[in-house]
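Observations on the model geometry
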Number of protein chains: 2
Amino acid sequence: MILHGKNNIAGALSAQGSQHIEAIDPATQQALPGIFTLATPVEIDQALDAAREAFVEYRRKSPQQIAGFLTAIGEHILALGPVLIDRTMAETGLPQARLEGERGRTVNQLNLFAQTLLEGSWVQARIDTALPERQPVPRPDVRSMLIPIGPVAVFGASNFPLAFSVAGGDTASALAAGCPVIAKAHPAHPGASELVAGAINTAAAQCGMPAGVFSMIHGDVDESRYLVQHPALKAVGFTGSLRAGRALYDLAAARPEPIPVYAEMGSVNPVFILPDYLKNHGAGIAAGLCGSITLGVGQFCTNPGLIITSDTAGLPELLDALGQQIGNTPPGPMLNAGIHAAYRSGLERLEHHAGVEIIAKAQASTGVNGAAAAVLKVPAAQFIADESLQEEVFGPSSLVVVGRGADDLYRIVEQLHGQLTATVYGTGADFLAFPDLLDQLAQKAGRLLFGGFPTGVEVCDAMVHGGPYPATTDARSTSVGTAAIFRFVRPVAFQNFPDHLLPEALRDGNPLEIRRRVDGKWV
Amino acid sequence: MILHGKNNIAGALSAQGSQHIEAIDPATQQALPGIFTLATPVEIDQALDAAREAFVEYRRKSPQQIAGFLTAIGEHILALGPVLIDRTMAETGLPQARLEGERGRTVNQLNLFAQTLLEGSWVQARIDTALPERQPVPRPDVRSMLIPIGPVAVFGASNFPLAFSVAGGDTASALAAGCPVIAKAHPAHPGASELVAGAINTAAAQCGMPAGVFSMIHGDVDESRYLVQHPALKAVGFTGSLRAGRALYDLAAARPEPIPVYAEMGSVNPVFILPDYLKNHGAGIAAGLCGSITLGVGQFCTNPGLIITSDTAGLPELLDALGQQIGNTPPGPMLNAGIHAAYRSGLERLEHHAGVEIIAKAQASTGVNGAAAAVLKVPAAQFIADESLQEEVFGPSSLVVVGRGADDLYRIVEQLHGQLTATVYGTGADFLAFPDLLDQLAQKAGRLLFGGFPTGVEVCDAMVHGGPYPATTDARSTSVGTAAIFRFVRPVAFQNFPDHLLPEALRDGNPLEIRRRVDGKWV
């Protein structure tokens, strides 16, 4: 396989720049084949100009045509075969089975959005028919629906090189909404990005889509800033760190025309183990918890980084069992040297924090970028007193917060930052003792789990992968599941239009046969 | 009637501050009775603390309870009787019939949201049931719905002292969503604000709502800034100028935890008169246009400030007739001296702009704050070359832009700023000649009108009173109609919950009998 290393500007390969990057194999720290050229401002302008132009044609495509395009993207990704899996393995250190599974998820996401388009009711058609006889003034005929907003920039994540990257959930939902996409390839997997971008272009050409519907650029901070500030850009999808996500949000908010930024920035995903549950299941839950903490070397935004429990019966058993499991976890290779260094320094910061004790730490790896799992504990009083203990340590570690009763528990919840998820283990007796807990937690997280583990985010209609800041920059949205499409649309109303000039979704005869709200009733 | 002039902090009257304002009668420039004390930071803190506390109780109220509260607010506003109308007339110069109509609209809005709650499906319940047998991993049970986000600040408009003020659409939709409200009284109608706030408190007490569910403060720039930056605040609703709206948006975006700002900042609401239509209806449309331009002394955010047409048959007739109508319009009193001064200077700026010609200007008023209606024209080339000609001149004037064919028309549309509305007059022949116009305009406005006039915004399910920046700071929303409720909520998912711990909207038996999306089907 030979990688061209160029930017993909509306289907044309372009490498006008003089700055280059290489992909690094995290297992060896050696450069992989391929030299990737960062995009110049001129190339980014070209991508946006093409996107703006393509948008005019693309937004008028039928649901069937766009659904066909999404499905074709999935097919062309699958058609890349082992070449894509091999390159992605080399760039990320993630195992083959995981990446094959992630590829399946990526294709499923595309297909799910295709189905959403074919079903069609996502446009939220609302129709209030005229009441010409109403006094004192007649009521006009008003009809509204969601329409796409325009070109969207997608910043992929390092930890999901397929499902949250070039053809991941952000791209799939933006394309489904009718918006062209400019993807910024993650510098940790530029080769996988190039391959997937090629698959999208092939699908676009095959399905008769305008070339500007998709571009992909290589870039670093400067290129990202330029892209987000481009006047033709209308929204941003991002998955990554709080620092980078907030920087993009701030840039977008300061534009002459501010645009929405949907940045999913991770969280510490507290797991609450309530006293009555703890009493009988302290040891029993440890294996599952350890599995969730160390899954994928802890590199998931839904990784449970916080375990909130109490100094009551069952705690010693929980800590013993969890410590043993974590201590015996073999070291795993992290995605890249930057993430590995951040994990080590984050863990070190925790270890030396007043009041924090190490319960167990796995043996350090002798290999490159190998991360040792760890579990630590801290009394609730310290945790409540210091917000820095809530900062995410991205990797296979978790902090056990030990409270002394109901007051501590509610104080912990009260000052919890916004989270993607919160998980609760409790018995009937626990929920009688803490009647307000679930309601309070719903104010803090995008998804509540009753038992189970937060890792593993189902792609479905009801999923909410989002949550209050700093989990995301826009708690009104989800970046996983079919509702992700609502990030890239806005409503528009048509007043007193003749039927033939209305969009099909709003015409009298309901030619698309979609569910609509007509004069206050769903039909 | 004696006005106490105090801030209303969770139902308690409070005047700790040392800064005061008075209401000015715009017809006389004389102070009206009543001294109003601006809120101190301590009072604003108290309002937010009470709101935060009330939110815990308020968000658990049943739809029936909140609907009863909204209805009661309307009843208590009506019960104020002529006292409210008289004071509002004195503070705004708006005529009695208009204010009685606006009061009716205010009450209707409250009742419409009450109905929305009773119907219940607005929470968008989505349910994906478990598939325990699915391979390779079982699908969990995931259910999601919209929940309220927390305390909302409402900044009322000067031009709708009832329907977009203390108990206006923002307050009604936020309370309906389950969010406490802190209203900032508009300094141009503090007395009307006080009266309406009292009605809300009476309703809250009568319906057993927590007192902190509503507060109203008097304030200027500093108080507004303090309110928007308060950590307990979760969203802002605003109707007013671009400058003030953008300032609040910038403050909110720069917070440690950014919050959404729904600022409706007005627009110039272009009216397109296409050539074939113009040919036969140039004169005929003038009376309606003049009526819409001068309605309420032009003080509507949907006032048609721009008329876009072409140098073809019918134009002289349009300009003659429109000029005559505008020239004969009696001067009307504006809402306050500030708005009047802004109108005069805005009009002067236009008059002296290169290329701009006055078609007609009504006789200036000899009274206080009386505004003379005006209509001006400019060639398309000048308009396209200078964005400043798109700035809103709030008042009874309009600028006719004269193009020279299809190219001019599309160039005008291309560079139009975001608008609340765009209106098109055209024949079948026109839409054949300009096949892309409606699609292009949908990208620029929140509401498209086929004929008619943009003033008069229907309060209904399908209404979109919003639009791309700078019409609003958030084009994804509407501030009029039942969909306004979606501004103050966010989705949350519940995974694998036992039925009895789920919110009622998500339980198996569907006790609320609402429409839900279950396993991909609407039921």
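Please refer to the structure placed before this passage.
Quick look at the structure, then. Because the structure is predicted, anything quoted here is derived from the model rather than measured. (Residues numbered from 1 in each chain as written. Chains lettered and ligands numbered in written order. Predicted model: local features only at pLDDT ≥ 70, side-chain atom pairs only at ≥ 80, totals over all residues.)

**Some details on the relation of the copies chain B and chain A**
With an RMSD of 0.0 Å, the operation that places chain B on chain A is a rotation of 180° combined with a shift of 0.0 Å along the axis. Here the two chains are linked by the operation of a two-fold rotation axis. It is Ala 253 of chain B whose C-alpha, among those of chain B, lies nearest the rotation axis, at 3.3 Å. An overlap of 100% is found between the interface residues of chain B and their copies at the interface of chain A, pointing to a shared contact surface. (Least-squares fit on C-alpha atoms with pLDDT ≥ 70 in both. Contact = placed C-beta atoms within 7 Å.)

**Remarks on the environment of Met 89 of chain B**
Residue and element names in this part refer to chain B. Within the fold, Met 89 resides in helix 3 (residues 82-92). Judged by C-beta crowding, with 20 C-beta atoms within 10 Å, Met 89 ranks as buried. The sequence separation of Met 89 and Leu 99 amounts to ten residues, and the corresponding C-alpha distance is 7.4 Å. Non-local contacts of Met 89, meaning those with residues more than four positions away in its chain, are made with Leu 94, Gln 96 and Leu 99. (Helix = DSSP H or I, 4+ residues; strand = E, 2+ residues; numbered from the N terminus. Buried ≥ 20, exposed ≤ 12 C-beta atoms within 10 Å, placed from the backbone.)

**A look at the sheet that holds strand 15 (residues 306-310) of chain B**
Spatially, 25(A)-24(A)-7(A)-8(A)-23(A)-22(B)-21(B)-14(B)-15(B)-20(B)-19(B)-17(B) is the arrangement adopted by the twelve strands of the open sheet, whose pairing is mixed. Taken across any chain shown, the strands that pair with only one partner, and hence form the sheet edges, are strand 25 (521-522) of chain A together with strand 17 (357-361) of chain B. Sheet topology note: the strand 14 (residues 270-273) of chain B/strand 21 (residues 419-425) of chain B ladder contains three bridges and is parallel. Considered in strand 21 of chain B, the bridge of Ile 273 of chain B is made with Tyr 425 of chain B. (Pairing = 2+ DSSP bridges.)

**Examining the interface of chain B and chain A**
In this complex, chain B contributes 51 residues to the contact, which on the side of chain A involves 51 residues. Broken down by secondary-structure element, the contributors of at least two residues to the side of chain B that touches chain A are strand 7 (126-128), strand 8 (142-148), helix 8 (242-253), helix 16 (437-442), strand 22 (445-450) and strand 23 (489-495) of chain B. Here the element with the most residues in the side of chain B that touches chain A is strand 23 of chain B; it accounts for six residues. Here the residues of the side of chain B that touches chain A sort into 28 nonpolar, nine polar and 14 charged. Two elements, strand 23 (residues 489-495) of chain A and strand 22 of chain B, share three bridges in a ladder whose sense is parallel. When the bridges of strand 22 of chain B are listed, Gln 495 of chain A appears paired with Leu 449 of chain B. (Nonpolar A, V, L, I, M, F, W, Y, C, P; charged D, E, K, R; others polar.)

**Quick look at unusual backbone geometry**
Residue and element names in this part refer to chain A. Cis geometry marks the peptide bond from Gln 135 to Pro 136, where omega comes out at 0°. With respect to the element layout, Pro 136 can be found in the loop between strand 7 (126-128) and strand 8 (142-148). The backbone phi angle of Asn 269 is positive, close to 45°, even though this residue is not glycine. Its location among the elements puts Asn 269 in the loop between strand 13 (261-264) and strand 14 (270-273). With 29 C-beta atoms packed within 10 Å, Asn 269 lands in the buried category. We note that Asn 510 has phi near 50°; this positive angle belongs to a residue other than glycine. Along the polypeptide, Asn 510 turns up in the loop between strand 23 and strand 24 (517-518). Judged by the 16 C-beta atoms lying within 10 Å of it, Asn 510 is partly exposed.

**Some remarks on the packing of helix 4 (residues 96-119) of chain A against helix 5 (residues 169-177) of chain A**
All names here are of chain A. At a closest axis distance of 9 Å, the pairing of helix 4 and helix 5 adopts a crossing angle of 20°. Regarding the angle of helix 4 to helix 5, the classification is roughly parallel. As helix 4 packs across helix 5, the resulting crossing turns out to be right-handed. In this structure, helix 4 contributes Gln 109, Leu 110, Phe 113, Thr 116 and Leu 117 to the contact, and helix 5 contributes Gly 169, Ala 172, Ser 173 and Ala 176. Looking at the contact of helix 4 with helix 5 residue by residue, the class counts come to five nonpolar, four polar and no charged. (Axes fitted to C-alpha atoms, helices over the stretch in contact; angles between N-to-C directions. Parallel < 35°, antiparallel > 145°, perpendicular 65-115°, else oblique. Left-handed = near helix turned anticlockwise from the far one by under 90°.)

**Thoughts on the pairing of strand 15 (residues 306-310) of chain A**
All names here are of chain A. Within strand 15, five of the five residues are buried, leaving the element largely enclosed by the surrounding structure. Both faces of strand 15 are covered, namely the face carrying Leu 306, Ile 308 and Ser 310 and the face carrying Ile 307 and Thr 309. With three bridges connecting them, strand 14 and strand 15 associate as parallel partners. Directly across from Pro 270, in strand 15, lies its bridge partner Leu 306. Pairing geometry for strand 15 and strand 20 (residues 397-403), over five bridges, is parallel. Directly across from Leu 306, in strand 20, lies its bridge partner Leu 399.

Keep in mind these values describe shape, not function.
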